[in-house]
Amino acid sequence: MRDEAKAAVVEAAGATAIIGDATDADLVTSAARDSDGVIHLASAKDVDPVFIEAVLRGLEGSGKPFVHTGGIWSFGSNADIAEDSPLDPPALTAWRGANETRVLSAAGIRTAVVVPSIVYGHGKGLANVIVDAPRGSGGVPALRLIGDGSQHWATVHVDDLAALYVLAFERGDAGAVYVGASGINPTVRELAEVASVTAGLDGRVEAESVSESRSRLGEGLADALLLDQQARGGRARIDLGWEPNGVSLVEEIASGTYAPADTARA
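Predicted model, so just to flag it, every value in this text is computed and none were measured.

Asks: Residues and numbers for the sheet that holds strand 5 (residues 118-121), please.
Replies: Within a sheet, neighbouring strands are paired by backbone hydrogen bonds and run either parallel or antiparallel to one another. Strand order in the open sheet formed by 3 strands is 6-5-8, and the pairing between neighbours is mixed. Edge positions in the sheet fall to strand 6 (124-125) and strand 8 (155-157), since each of these pairs with one other strand and no more. The sheet contact formed by strand 5 and strand 6 spans 2 bridges and is antiparallel. Along strand 6, the bridge assignment pairs Tyr-120 with Gly-125. Strands in contact with helix 6 (residues 158-171) are strand 5 and strand 8; relative to strand 8, the strand with the most contacts, it is inclined by about 85 degrees.

Structure (structure tokens):
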């Protein structure tokens, strides 16, 4: 935890909090050595190289678990993503590969990588890029798509994903990769049409060009969100008995969980 307020939330949930920074190598190594294992959820380009090496030092030779976080975008556009699918990451996440290889190749530690697809739930996450999108440029308001909206998003509810991390920690095989995907892969257009109804726009949506999406969202994020991805999470189901049962993202948007921040936005 980076401050006492966040530490208080963690401790209220029954955990022991440590205030510090994930790039404080000595702190991370000491905490890893004293732990029963490590789950790394704060994966970031400027964090992972330091954090991973610190954890590996702390767990060296212990046989304890270390579950690292990957990302579905690393597979690029693919209609049936599996753990052994070829990698084709967008520029935004090209940095992940070397870190994951380092984790999986570590000896004397039961390492695994969980690869979340697009995570949603409780009104949080990238779904808000859709529901809070501009309301179009025409005379009749319409929710702006990312590109033409034909791309699929592999998705997973945050509560199901949390269960997968626990299973990988407790039962995962050394060197295993587990794709965290519900098997429900809506298109951006499907999501936006439901969001449009919820926002009182009668399901109206409006496509934009790739260049327009890049200008609005930034080139790196836009290129990632334009990937056409579908996944089933089969290995986690078969090897770990994982059962993702969370309500779908379409249903969450329809229920109003993702209420638009400003339905009058232009």
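Asks: Can you lay out the packing of helix 2 (residues 25-34) against helix 3 (residues 48-59) for me, pointing to particular residues and giving the numbers?
Replies: Between helix 2 and helix 3, whose axes approach to 7 Å, the crossing angle comes to 40 degrees. Between helix 2 and helix 3, the interaxial angle falls into the category oblique. Relative to helix 3, the crossing made by helix 2 is right-handed. Seen from helix 2, the contacting residues are Ala-25, Val-28, Thr-29, Ala-32 and Arg-33; seen from helix 3, they are Val-50, Phe-51, Ala-54, Val-55, Arg-57, Gly-58 and Leu-59. Per-class residue counts for the contact of helix 2 with helix 3 are 8 nonpolar, 2 polar and 2 charged.

Asks: Give a detailed account of the pattern of salt bridges, specifying residues and quantitative values.
Replies: The final tally for this structure, using the stated rule, is 7 salt bridges. In this structure, Glu-53 engages Arg-102 in a salt bridge whose closest nitrogen and oxygen atoms are separated by 2.6 Å. Linking Glu-53 in helix 3 with Arg-102 in helix 4 (residues 96-104), this pair joins segments that are 49 residues apart in sequence. Accessibility expressed as a relative area gives 35% for Arg-102, which makes it partly exposed.

Asks: Account for the layout of surface pockets, naming residues and giving values.
Replies: As a volume, the largest pocket reaches approximately 1,500 Å³. In this structure, the largest pocket is lined by 47 residues; those nearest its centre are Ile-39, His-40, Leu-41, Ala-42 and Ser-43. Counting only elements with at least two residues in the lining of the largest pocket, the list comes to helix 2, strand 1 (38-39), helix 3, strand 5 and helix 6. Of the residues belonging to the lining of the largest pocket, the class tally is 32 nonpolar, 12 polar and 3 charged. As for the second largest pocket, its lining consists of Gly-71, Ser-74, Phe-75, Glu-83, Leu-87, Gly-97, Glu-100, Thr-101, Leu-104, Val-113, Val-115 and Val-177. Mapped onto the lining of the second largest pocket, the elements with two or more residues apiece are helix 4 and strand 4 (110-116). Of the residues forming the lining of the second largest pocket, the biggest block, 4 residues, is contributed by helix 4.

Asks: Could you give me a rundown of the packing of helix 3 against helix 4, with the residues and numbers involved?
Replies: Contact geometry of helix 3 with helix 4 gives a least axis separation of 10 Å together with a crossing angle of 5 degrees. Comparing the axis directions of helix 3 and helix 4 gives the class roughly parallel. Here helix 3 contributes Asp-48, Pro-49, Ile-52, Glu-53 and Leu-56 to the contact with helix 4, which in turn contributes Asn-99, Arg-102 and Val-103. Grouping the constituent residues of the contact of helix 3 with helix 4 by class yields 4 nonpolar, 1 polar and 3 charged.

Asks: I'd like a rundown of a negative patch on the surface, residues and numbers included.
Replies: Residues Asp-21, Asp-24, Asp-26 and Asp-46 make up a contiguous surface patch of negative charge. With respect to the element layout, Asp-21 can be found in the loop between helix 1 (4-12) and helix 2.

Asks: How would you summarise the side chain of Gln-151 if you had to cite specific residues and measurements?
Replies: By secondary structure assignment, the location of Gln-151 is in the loop between strand 7 (143-144) and strand 8. Owing to a relative accessible area of 4%, Gln-151 belongs among the buried residues under this scheme. At 3.2 Å, the side chain of Gln-151 and the backbone oxygen of Leu-225 are in polar contact. With residues near it in sequence (within four places) discarded, Gln-151 still touches Ile-146, Pro-186, Thr-187, Val-188, Leu-225, Leu-226, Leu-227 and Asp-228.

Asks: Tell me about the sheet that holds strand 9 (residues 176-180), and name the residues and values.
Replies: Taken together, 4 strands build an open sheet; the order of strands is 1-2-4-9 and the sheet is parallel. Among the strands making up the open sheet, the edge pair consists of strand 1 and strand 9. Where strand 1 and strand 2 (residues 65-69) come together, 2 bridges link them in parallel fashion. In the sheet register, Ile-39 faces strand 2, and the bridge partner there is Val-67. Lying on the sheet, helix 3 is in contact with strand 1 and strand 2; it crosses strand 2 at an angle near 170 degrees. Those strands touched by helix 4 are strand 2, strand 4 and strand 9, and its axis lies near 150 degrees from that of strand 4.

Asks: Just give me the short version of the nonpolar core, but keep the residues and values in it.
Replies: The biggest cluster of nonpolar side chains holds 49 residues, and the ones touching the most others in it are Phe-66, Ile-72, Ile-130, Leu-143 and Trp-153. Residue contributions to this core peak at 6 residues, all from helix 3. Setting aside residues no more than four positions away along its own chain, Leu-143 makes contact with Ile-130, Val-131, Ala-133, Pro-134, Arg-135, Ala-192, Ala-195, Ser-196, Leu-201, Arg-204, Val-205 and Glu-206. Core analysis: the next-biggest nonpolar cluster, separate from the first, contains 14 residues, Ala-112, Tyr-165, Leu-167 and Ala-176 among them.

Conventions used here
Residues numbered from 1 in each chain as written. Predicted model: local features only at pLDDT ≥ 70, side-chain atom pairs only at ≥ 80, totals over all residues. Heavy atoms only, no water. Pairing = 2+ DSSP bridges. Helix = DSSP H or I, 4+ residues; strand = E, 2+ residues; numbered from the N terminus. Contact = heavy atoms within 4.5 Å. Axes fitted to C-alpha atoms, helices over the stretch in contact; angles between N-to-C directions. Parallel < 35°, antiparallel > 145°, perpendicular 65-115°, else oblique. Left-handed = near helix turned anticlockwise from the far one by under 90°. Nonpolar A, V, L, I, M, F, W, Y, C, P; charged D, E, K, R; others polar. Salt bridge = Lys/Arg side-chain N within 4 Å of Asp/Glu carboxyl O. Buried < 20%, exposed > 50% of the residue type's maximum accessible area, 1.4 Å probe, protein only. 1 Å grid on protein atoms, 1.4 Å probe; cavity = no way out; pocket = protein on both sides within 12 Å on 5 of 7 lines; lining within 4 Å. Points joined across faces, edges and corners; volume = space filled by probe spheres on them. Patch = residues over 30% accessible without salt bridge, like charges linked within 9 Å, V, L, I, M, F, W, Y side chains within 5 Å. Areas by Shrake-Rupley, 256 points an atom, 1.4 Å probe, with all protein chains shown as cover. Lys, Arg positive; Asp, Glu negative; His and termini not counted. Charge placed at Lys NZ, Arg CZ, Asp CG, Glu CD. Polar contact = N/O pair within 3.5 Å; in protein donor to acceptor, adjacent residues only side chain to side chain. Core = buried A, V, L, I, M, F, W, Y, C linked by side-chain atoms within 4.5 Å.

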